[in-house]
Amino acid sequence: MGQKYVCASTMMSEQEALKCSSARNRGGTQRVEGKLRASVEKGDYYEAHQMYRTLFFRYMSQAKHADARELMYNGAQLFFSYNQLNSAADLSMLVLESLEKSEAKVEDEDLERLATLFSLMDPNSPERVAFVSRALKWSTGGSGKLGSPKLHQLLAVTLWKEQNYSESRYHFLHSSDGEGCAQMLVEYSAQRGFRSEVDMFVAQAVLQFLCLKNKNSASVVFSTYTQKHPSIEKGPPFVQPLLNFIWFLLLAVDGGKLTVFTVLCEQYQPSLKRDPMYNEYLDRIGQLFFGVPPKQSSSYGGLLGNLLNSLMGSGEEEEGEEAQEDGSPIELD
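Here, residues in each chain are numbered from 1, in the same order as that chain's written sequence. In keeping with the model being predicted, local features are shown solely for residues with a pLDDT of at least 70 and side-chain atom pairs are shown and tallied solely at 80 or more, while totals for entire chains, interfaces and linings include all residues. Note: side-chain values were computed over all heavy atoms of the structure, leaving out hydrogens and water.

Peer 1: Requested: an account of the overall build of the protein chain, with residues and values cited.
Peer 2: Secondary structure elements are taken from DSSP: a helix is a run of H or I of four residues or more, a strand is a run of E of two residues or more, and numbering for both begins at the N terminus. The helix and strand tally for the protein chain stands at 16 helices and 0 strands. Relative accessibility under 20% of the residue-type maximum defines a buried residue, over 50% an exposed one, and the middle range a partly exposed one, all with a 1.4 Å probe and only protein chains included. By residue count, 44% of the 333 residues in the protein chain fall in the buried class.

Next up, the structure:
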């Protein structure tokens, strides 16, 4: 009986010791952050930056990855607020380094923090390009995939706010946010497109989503875009033949009948000739959804072939929602 009380007392004292230790660490970290903030507020940017780096490597050597990450994230935001963009970008990269070296599980909170840092960076800086490439690689465990759909969605929204529509579009394609993509495309069309092209903006997006085997987002982007675009009359059927083709194509994909797909492509050739890439996308869609064998050689080379490969990958597709490939932003025009 007495031994049980001793054991319980020992356990309680160990827990209390851990709590005290954790509280001391938090208190110590807060004191350090207070000193660093004071240095930045005084304008001692270089000194503060070097101290942040010193503390980062000290924490990492002690395997205090979460503490290192928290300190760097707060420090980066502080430097951004004082327009010290190079120092802020450097600490942002250290946030990523702590995630990579700790082999931390991908959590939504971390993805949101990475997206926040991305949004604060100079849109034209090379550091931003390096940051997003590394962040996407980490978000899929460095396995060579295109990155977490959640992170792609967060990046797409930031780029949309910056009116960088073509890059936003690329990231939406690799997310699962068909509705957000459609709303961005409506704005893109209204701001940068001709009235005669309203159907082409959504047609390309639907075809590319299908090439990535993302049937659900293809359907959502089409229905949302056609409902919300002010220049598109209510349908189906639609005034624009190309929109009718896309509507029928989505129905055919659900049915999976090759004869329907073949007749559909033949009947709408005049509309499909408006963009030479459409038939390339449809060749791929035929392979993925209707059992059409791959062509021995592509009829398009050069820039068009490169664009197609950058979207879909030149190798065999992977199972799942997306094919795996190294992508780059694809222009609409």
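Peer 1: Can you tell me about the packing of helix α5 (residues 108-120) against helix α7 (residues 149-161), naming the residues and giving the values?
Peer 2: How two helices pack is summed up by the angle between their axes together with the distance between the axes. To get an axis, fit a line to the C-alpha atoms, keeping to the stretch in contact for a helix; angles then go from 0 to 180 degrees between the N-to-C directions. As a packed pair, α5 and α7 sit with axes 9 Å apart at the nearest point and diverge in direction by 25°. Taken together, α5 and α7 sit at an angle that is classed as roughly parallel. The two elements α5 and α7 cross, and the hand of that crossing is right-handed. From α5, Asp 108, Leu 111, Glu 112, Ala 115, Phe 118 and Ser 119 reach across to α7, where they touch Lys 150, Leu 151, Leu 154, Leu 155, Thr 158 and Leu 159. By the definition adopted for this analysis, an angle is roughly parallel if under 35 degrees, roughly antiparallel if over 145, roughly perpendicular if from 65 to 115, and oblique otherwise. We call a crossing left-handed when the near helix sits turned anticlockwise from the far one by less than a right angle, and right-handed when that turn is clockwise. Any pair of residues with heavy atoms lying within 4.5 Å of one another is described as a contacting pair.

Peer 1: Describe helix α3 (residues 65-81), listing the residues and the values that go with them.
Peer 2: Here α3 spans 24 Å end to end across 17 residues, near enough to the 24 Å set by a 1.5 Å rise per residue. Burial in α3 covers these residues: Ala 68, Arg 69, Leu 71, Met 72, Tyr 73, Gly 75, Ala 76, Leu 78, Phe 79 and Phe 80. Taken from the residues just after α3, Asn 83 is the one with a positive phi, measuring 60°. In this scheme, a helix's expected span is set at 1.5 Å multiplied by one less than its residue total.

Peer 1: Go over the packing of aromatic side chains with me, naming the residues and quoting the values.
Peer 2: Two descriptors summarise a pair of aromatic rings, namely the distance from one centre to the other and the angle between the planes of the rings. Planes of paired rings set the category: under 30 degrees apart is stacked, over 60 is edge-to-face and the rest tilted, where pairs are Phe, Tyr or Trp rings (Trp by its six-membered ring) whose centres lie within 6.5 Å. All chains considered together, the criterion is met by 10 aromatic pairs. For the pair Tyr 45 and Tyr 82, a centre-to-centre distance of 6.4 Å together with 50° between the ring planes defines the contact as tilted. Of this pair, Tyr 45 sits in helix α2 (residues 45-61) while Tyr 82 is found in the loop between α3 and α4 (85-102), placing the two residues 37 residues apart along the sequence. Among the residues examined, Tyr 82 registers a relative accessible area of 30% and is labelled partly exposed. Seen in terms of ring centroids, Phe 56 and Phe 57 are 5.1 Å apart; in terms of plane orientation they differ by 80°. Their pairing is edge-to-face. An aromatic cluster of three or more residues is present, and its members are Tyr 165, Tyr 188 and Phe 201. Charges are assigned to positions over rings by a cutoff of 6 Å between ring centre and Lys NZ or Arg CZ, combined with an angular limit of 35 degrees from the ring normal. Looking at Arg 128, its charged tip hangs above the ring of Phe 118, at a distance of 3.8 Å from the centre.

Peer 1: I'd like a rundown of the pattern of salt bridges, residues and numbers included.
Peer 2: Each salt bridge in this description consists of a side-chain nitrogen of Lys or Arg and a carboxyl oxygen of Asp or Glu lying within 4 Å of one another. All told, the structure shown has 9 salt bridges when counted by the stated rule. Across the pair Asp 110 and Arg 69 runs a salt bridge, and its minimum N-O distance is 4.0 Å. Here Arg 69 lies in helix α3 and Asp 110 lies in helix α5, a separation of 41 residues in the sequence. Looking at Asp 110, the relative accessible area reads 14%, which means it is buried. Classification of Arg 69 by relative accessible area gives buried; the value is 14%. Put simply, Glu 70 and Arg 113 hold a salt bridge, and the shortest N to O gap is 3.0 Å.

Peer 1: Give me the lowdown on the side chain of Asn 244, citing residues and values where you can.
Peer 2: Mapping Asn 244 onto the fold places it in helix α12 (residues 241-255). Sequence-distant contacts of Asn 244, that is, excluding residues within four places in its chain, are made with Pro 237, Phe 238 and Tyr 268.

Peer 1: Let's hear about the nonpolar core: which residues, and what values?
Peer 2: Nonpolar cores are built from buried Ala, Val, Leu, Ile, Met, Phe, Trp, Tyr and Cys residues. Side-chain atoms within 4.5 Å join them into one set. Core analysis: the largest hydrophobic core is formed by 48 residues, its most contacted members being Val 206, Tyr 225, Phe 245, Leu 249 and Leu 282. Elements represented by at least two residues in this core include exactly α7, α8 (165-173), α9 (178-192), α10 (198-211), α11 (215-228), α12, α13 (258-267) and α15 (277-290). At 11 residues, α10 tops the list of elements feeding residues into this core. Dropping the residues within four chain positions of it, Val 206 is found in contact with Ala 218, Val 221, Phe 222, Ile 246 and Leu 250. In this structure, Tyr 73, Met 93, Leu 96 and Val 132 belong to the second largest nonpolar core, which totals 38 residues.

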